[in-house]
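Notes for the structure review
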Amino acid sequence: KEKEVYLNFHFSEPTLRMDVFPNPTSDQVRVQLSNSGRETGEHWDLSLVNSEGQEVIKRAFNGTSYVLDMPPLASGTYTIVLRSSDHSLQQRIVKP
């Protein structure tokens, strides 16, 4: 007599997290990517998008941290976007 056997596998990806601080800021803002951005060697692009959807800054991101200078930018709400070939992370920041 045959028996059925069920196997349950659970694979989890490392959690990606983008930390942005301080927020709000009028001077500099640090963007840090935690976990696998450092470990996989993925290429990341960092963009800063204004409230009208215009990309005002675009830089290569080394996968650990980056400091954005905010003084040249107008006051308002911006979205920091980090993209790799497999991931996309977003965080809003405010420049008073």
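All of the points below concern the structure found in this document. (Residues numbered from 1 in each chain as written. Predicted model: local features only at pLDDT ≥ 70, side-chain atom pairs only at ≥ 80, totals over all residues. Heavy atoms only, no water.)

1. Quick notes on the overall build of the protein
A count of helices and strands for the protein gives 1 helix and 7 strands. Going residue by residue from the N terminus, the α and β elements of the protein occur as β-β-α-β-β-β-β-β. Within the protein, the fraction of its 96 residues that count as buried is 33%. Once local pairs closer than 6 in sequence are excluded, the contacts in the protein between residues at least 24 apart make up 51%. With an accessible surface of roughly 6800 Å², the protein has 46% of that area assigned to carbon and sulfur atoms. (Helix = DSSP H or I, 4+ residues; strand = E, 2+ residues; numbered from the N terminus. Buried < 20%, exposed > 50% of the residue type's maximum accessible area, 1.4 Å probe, protein only. Contact = heavy atoms within 4.5 Å. Areas by Shrake-Rupley, 256 points an atom, 1.4 Å probe, with all protein chains shown as cover.)

2. Digging into the sheet that holds strand 4 (residues 55–61)
Here 4 strands make up an open sheet; going across it, the order is 4-3-6-7 and the pairing antiparallel. Two strands close off the open sheet at either side, each with one partner strand: strand 4 and strand 7 (88–95). Each strand of the sheet is rotated relative to its neighbour by a mean of 20 degrees, with strand direction disregarded. In this sheet, strand 7 lies alongside strand 6 (residues 76–83) in antiparallel orientation, the contact comprising 8 bridges. (Pairing = 2+ DSSP bridges. Axes fitted to C-alpha atoms, helices over the stretch in contact; angles between N-to-C directions.)

3. What to know about the side chain of K95
Counting through the fold element by element, K95 comes out in strand 7. For the buried K95, no salt bridge is present, and the opposite-charge side chain at shortest range is D27, 8.7 Å distant. At 2.8 Å, the side chain of K95 forms a polar contact with the backbone oxygen of M70. Discounting residues that sit within four places of it in the chain, K95 has contacts with T25, S26, M70, P71, L73, A74, S75, G76 and Y78. (Lys, Arg positive; Asp, Glu negative; His and termini not counted. Salt bridge = Lys/Arg side-chain N within 4 Å of Asp/Glu carboxyl O. Polar contact = N/O pair within 3.5 Å; in protein donor to acceptor, adjacent residues only side chain to side chain.)

4. Some details on the environment of K95
Residue classification places K95 among the buried positions, given a relative accessible area of 9%. Residues K95 and M70 lie 25 residues apart in sequence; the distance between their C-alpha atoms is 7.5 Å.

5. Points about the pattern of salt bridges
Overall, the coordinates contain 1 salt bridge when judged by the stated rule. For the salt bridge of R17 with D19, the shortest nitrogen-to-oxygen distance reads 3.1 Å. The exposure class assigned to R17 is partly exposed, which follows from its relative accessible area of 47%. Residue D19 is classed as partly exposed on the basis of its relative accessible area of 25%.

6. What to know about the nonpolar core
Residues V31, L48, L68, M70, I80, L82 and I93 are the most contacted members of the largest nonpolar core, which totals 19 residues. Put simply, the parts of the chain that give this core at least two residues each are strand 1 (17–21), strand 2 (28–34), strand 3 (44–49), strand 4, strand 6 and strand 7. In contact with V31, other than residues within four places in its own chain, are M18, D19, L46, F61, T64, S65, Y66, L68, I80 and L82. (Core = buried A, V, L, I, M, F, W, Y, C linked by side-chain atoms within 4.5 Å.)

7. Regarding the sheet that holds strand 1
Backbone hydrogen bonds are what pair the strands of a sheet, in a parallel or an antiparallel way. In spatial order, the strands read 1-2-5; together these 3 strands make up an open sheet with antiparallel pairing. Across the chains shown, the open sheet's two edge strands, defined by having one partner strand only, are strand 1 and strand 5 (65–69). Within this sheet the neighbouring strands show an average axis-to-axis angle of 20 degrees, counted without direction. Here 5 bridges tie strand 2 to strand 5, and the two strands are oriented antiparallel to one another.

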